[in-house]
Amino acid sequence: MVEFKDIQKKFGKNDVLTGINLKIQDGKTTAILGPNGSGKTTLIKILLGMCHSNKGDILVGNSTTKNNWSYRKNIDYLPQIANFPGNIKVKEIIAMIKDLRHQKTRDEELITYFELKPYLDTKLSHLSGGYKQKVNLVLSLMFDSPFVILDEPTSGLDPLSLIKLKDLLKKEQDNGKTILITSHIMSFVEEISDHISFILDGKVYFDGSIDELKSTTQETDFEYAIANLLKNDHA
Amino acid sequence: MLKILKYSFFDLIRSRWSYVYFLFYLLLSSVLLFLNNDLSNAIITLLNVVIVLVPLIGTIFGVMYYYDSQEFTELLLAQPIKRKSIFLGQYLGVATSLSLSVLLGLGIPFALYGLFQSNVIFDFLILIVVAVFLSFIFSALAFNIALTNTNKIKGFGYAILVWLFLAVIYDGAFLIALIYFQEYPLDQFTLVATLFNPIDLSRILILLKLDISALLGYTGAIFKDFFGTIAGSLVSLGVLAVWVVLPLWRMLHVAKKKDF
């Protein structure tokens, strides 16, 4: 289980997170939602140790993430914007990350699944946005870790690839993986996730299942229910 | 850390700039040796080139490499790798590949000329030691600058300024101070001020070894007076080592605290 305890983060004078308390259940898929700039990515980066919180603590299992790096062995992370060094080839970057992590991989399987075989010898700077995202997916999912974090996994993917991604994630759910996603595609979130955590003004504004969200907001449509959360706050 | 070092090193070794840098030294020392036919003279000329050029290339290359590999660094940060290993590995990759370019660029022509049969081999070794030290010092300074400035233009600006200050302005300001306060005993001030500039220190270290008092200058003469040749060399080597360790320590400290 992952537990966020009163996470606070400031960038200069800008209070991004003002006290996040959140528990992510094992074996469930949790979606972190919120308007643009609400600090979803920052929260994930704090979880991964890429950013440091000003206050608060995160527990992964029983260990804290502060001054600790080994917990990342059990995490697969898909970054939001796939920025890769441009001058190396697809297969080189896959080999590099494999070599650095020294864990069991299923890269071959994923390369076939996302139809990346013909692009293995292409330089990353020559790939289109969608293919970069596919490489990103292979890189982050190839270690088959029990905890998967996906930051905007759908960006740049065509409808067919999107369906493939959904199928893959459903398989992962059946295997009992814990998944944390952020996305702005509400239909995708609705289809994939068990649990919704809505962040607004740096705090967890709503935390519960999709059905709970619909009944609280008295909306039958998920997208409208989310919009309702946003509207009521700003009214 | 060794894996990151390996990747950074080979990444740089494959780059065009490493070859240009290497070929420049190769050409320069070949021309100096085979046209001049004098090992000691060649070493002195190279000294003057090395103490200005190595810091310049070290800072620019270091800053450039850091900004260039930012994306890869972010990818690495999400992996189960210690932060320290990532930055230390990248830094050592830059510093060793630069050092290797100088070492081979100067070493090959000297070896062909018959350095190993001559009695100036230790003078040459000191030149190499200084070049390696300066590469390590100025790449560490460059990483410090790049880590504290997210704005690339600013980063490059500061890098050039640091080099300009230590290679040119420092000496000028120092001379002006000496002239201005010439009625006062300035020995100790001079001694301390020299320690604060690795470029000055390197120059003195080589000249102490070559034992050419005419070229030592005021700072060098005082240095020799105070420490003598052997102790003077040891002190300057020690301070150069401090010049590597301190920026390196700060770099790791900043990297640990930084948000990516």
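Residues numbered from 1 in each chain as written. Chains lettered and ligands numbered in written order. Predicted model: local features only at pLDDT ≥ 70, side-chain atom pairs only at ≥ 80, totals over all residues.

Engineer: Would you mind showing me how to read the overall build of chain B here?
Structural biologist: Of regular secondary structure, chain B possesses 10 helices and zero strands. Each helix (α) and strand (β) of chain B, taken in turn from the N terminus, gives the series α-α-α-α-α-α-α-α-α-α. At 19 Å, chain B has a C-alpha radius of gyration in line with the 18 Å of a compact globule built from 260 residues. If one aligns the C-alpha atoms of chain B with their principal axes, the spans along those axes are about 55 × 50 × 30 Å. Here chain B holds 260 residues, and 41% of them are scored as buried. A separation threshold of at least 6 residues defines the contact pool for chain B, and within that pool the share at least 24 residues apart is 81%. (Helix = DSSP H or I, 4+ residues; strand = E, 2+ residues; numbered from the N terminus. Rg over C-alpha atoms; globule rule 2.2 N^0.38 Å. Buried ≥ 20, exposed ≤ 12 C-beta atoms within 10 Å, placed from the backbone. Contact = placed C-beta atoms within 7 Å.)

Engineer: Please clarify how the overall build of chain A should be interpreted in this entry.
Structural biologist: What chain A contains, in helices and strands, is eight helices and 10 strands. For 235 residues, the compact-globule estimate of 2.2 N^0.38 gives 18 Å, and the C-alpha radius of gyration of chain A, at 18 Å, lies within 12% of that figure. Counting the 235 residues in chain A, one finds 37% classified as buried. A sequence separation of at least 24 residues applies to 68% of the contacts in chain A between residues at least 6 apart.

Engineer: Is there a simple way to think about the interface of chain A and chain B in this case?
Structural biologist: How large an interface is tends to be reported as the accessible area lost when its parts come together. Across the contact, 18 residues belong to chain A and 15 residues belong to chain B. Looking at the side of chain A that touches chain B element by element, the count peaks at five residues for helix α2 (residues 90-101) of chain A. Of the residues belonging to the side of chain A that touches chain B, the class tally is 11 nonpolar, three polar and four charged. (Nonpolar A, V, L, I, M, F, W, Y, C, P; charged D, E, K, R; others polar.)

Engineer: What's the story with the nonpolar core in this structure? I'm lost.
Structural biologist: Looking at soluble globular proteins, one finds that nonpolar side chains tend to be buried together. Ranked by size, the top nonpolar core spans 127 residues in total, and within it V138 of chain A together with L127, V130, I137 and A140 of chain B carry the most contacts. The biggest single contributor to this core is helix α6 (residues 121-148) of chain B, with 17 residues. Discounting chain neighbours no more than four positions away, the residues touching A140 of chain B are Y91, V244, P247, L248 and M251 of chain B. (Core = buried A, V, L, I, M, F, W, Y, C linked by C-beta atoms within 7 Å.)

Engineer: Would you take a moment to explain the sheet that holds strand β7 (residues 147-151) of chain A for this structure?
Structural biologist: Strand pairing in a sheet relies on backbone hydrogen bonds. The paired strands run either parallel or antiparallel. Residues and elements named next belong to chain A. Ordered by their spatial adjacency, six strands build an open sheet running β6-β7-β8-β3-β9-β10, and the pairing between neighbours is mixed. Of all strands in the sheet, those bounded by a partner on one side alone are β6 (75-78) and β10 (203-209). Pairwise comparison of adjacent strand axes, ignoring direction, gives a mean angle of 15° for this sheet. One ladder, built from four bridges, connects strand β3 (residues 29-33) with strand β9 (residues 195-200); its direction is parallel. Bridge pairing links L33 to F198 in β9. Together, β3, β6, β7, β8 (178-182) and β9 form the strand contacts of helix α1 (residues 40-48), whose direction differs from that of β7 by roughly 145°. (Pairing = 2+ DSSP bridges. Axes fitted to C-alpha atoms, helices over the stretch in contact; angles between N-to-C directions.)

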